[in-house]
Amino acid sequence: PSILYSVSIPVLDMAYKFVAEALTSWENHKTHSAHIDALIIKRTCFYFINNNLSLFYIFFWLRDLPRLRRQLQTLMITTQLMSILVEVGLPYFQAKYALFQAEQLNKKKNKNKNKNNKNMKTKTKMKDSEHEEAVKGDNDDAVEKNNNRETDLGDKSQTKRASSFPGEQTNQTGE
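A. Geometry of the overall build of the protein. The secondary structure content of the protein amounts to 3 helices and 2 strands. Counting helices and strands in the order they occur from the N terminus, the protein gives α-α-α-β-β. The buried share of the protein, reckoned over its 175 residues, is 10%. Long-range pairs, those at least 24 residues apart, make up 45% of the contacts in the protein with a sequence separation of at least 6. Split by element, the accessible area of the protein, about 15,100 Å² in all, is 60% carbon and sulfur.

B. Broad picture of the packing of aromatic side chains. Here the structure, examined in full by the defined rule, presents 5 aromatic pairs. Geometrically, the ring pair formed by Tyr16 and Phe46 is stacked, given 5.2 Å between the ring centres and 25° between the ring planes. With Tyr16 in helix H1 (residues 2-27) and Phe46 in helix H2 (residues 32-62), this pair connects stretches of sequence that are 30 residues apart. Judged by relative accessible area, which is 30%, Tyr16 ranks as partly exposed. Owing to a relative accessible area of 23%, Phe46 belongs among the partly exposed residues under this scheme. Consider the rings of Phe56 and Phe60, whose centres lie 5.7 Å apart with planes at 10°: the pair is stacked. Placement of both Phe56 and Phe60 in helix H2 is noted, with a separation of 4 residues, approximately one turn of the helix. Of the residues examined, Phe60 reaches a relative accessible area of 48% and is grouped as partly exposed. Aromatic rings pair up to connect Phe48, Phe56, Phe59 and Phe60 into one cluster.

C. View of the confidence of the model for the protein. In the predicted model, the protein carries a mean pLDDT of 78, and the fraction of residues at 70 or more is 66%. Looking at the elements of the protein, mean pLDDT is at its lowest for strand E1 (residues 160-162), recorded as 47, and at its highest for H2, recorded as 93. Contacts of residues 157-165 to residues separated by more than four positions or lying in other chains number 9 contacts, the stretch itself having pLDDT below 50.

What counts, and at which threshold
Residues numbered from 1 in each chain as written. Predicted model: local features only at pLDDT ≥ 70, side-chain atom pairs only at ≥ 80, totals over all residues. Heavy atoms only, no water. Helix = DSSP H or I, 4+ residues; strand = E, 2+ residues; numbered from the N terminus. Buried < 20%, exposed > 50% of the residue type's maximum accessible area, 1.4 Å probe, protein only. Contact = heavy atoms within 4.5 Å. Areas by Shrake-Rupley, 256 points an atom, 1.4 Å probe, with all protein chains shown as cover. Phe/Tyr/Trp six-rings, centres within 6.5 Å; stacked < 30°, edge-to-face > 60°. pLDDT = per-residue confidence, 0-100.

Shown next, in the form of structure tokens:
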């Protein structure tokens, strides 16, 4: 029961903190300083009763000094262990959790990156095949244009006309 009581003290302290704040806000003080003063009085009373009630009970009611000694030792050791756990353990677990979240985020990014890379490869393959088809089509078009040009040149006479500038000659077909 001593260890259970020692562990319940911080939990009850948090509960009493909320109770004290609720009671103080219901009092509707005129000034902020009066509100703070009333809150301090309530929290001090709750804290004192929560932490020392069992010790007063054992000492004044039961008058059992060996039990009081054990209770006091248990309270001191448990309080110190909980403080160490909060000061050292909590930051450790927060750092581990932050690393875990970062790893999860990296996995998600890599998964999306791989998916995008696959999509890009597919698009690249499609673009390459489209490009090859376009180049093939362009070559066919170029060959056809060249054939048309040759027939046009063969059919039309290639007479040259004099330019307005001396020494310059242009083709009548405009080429």
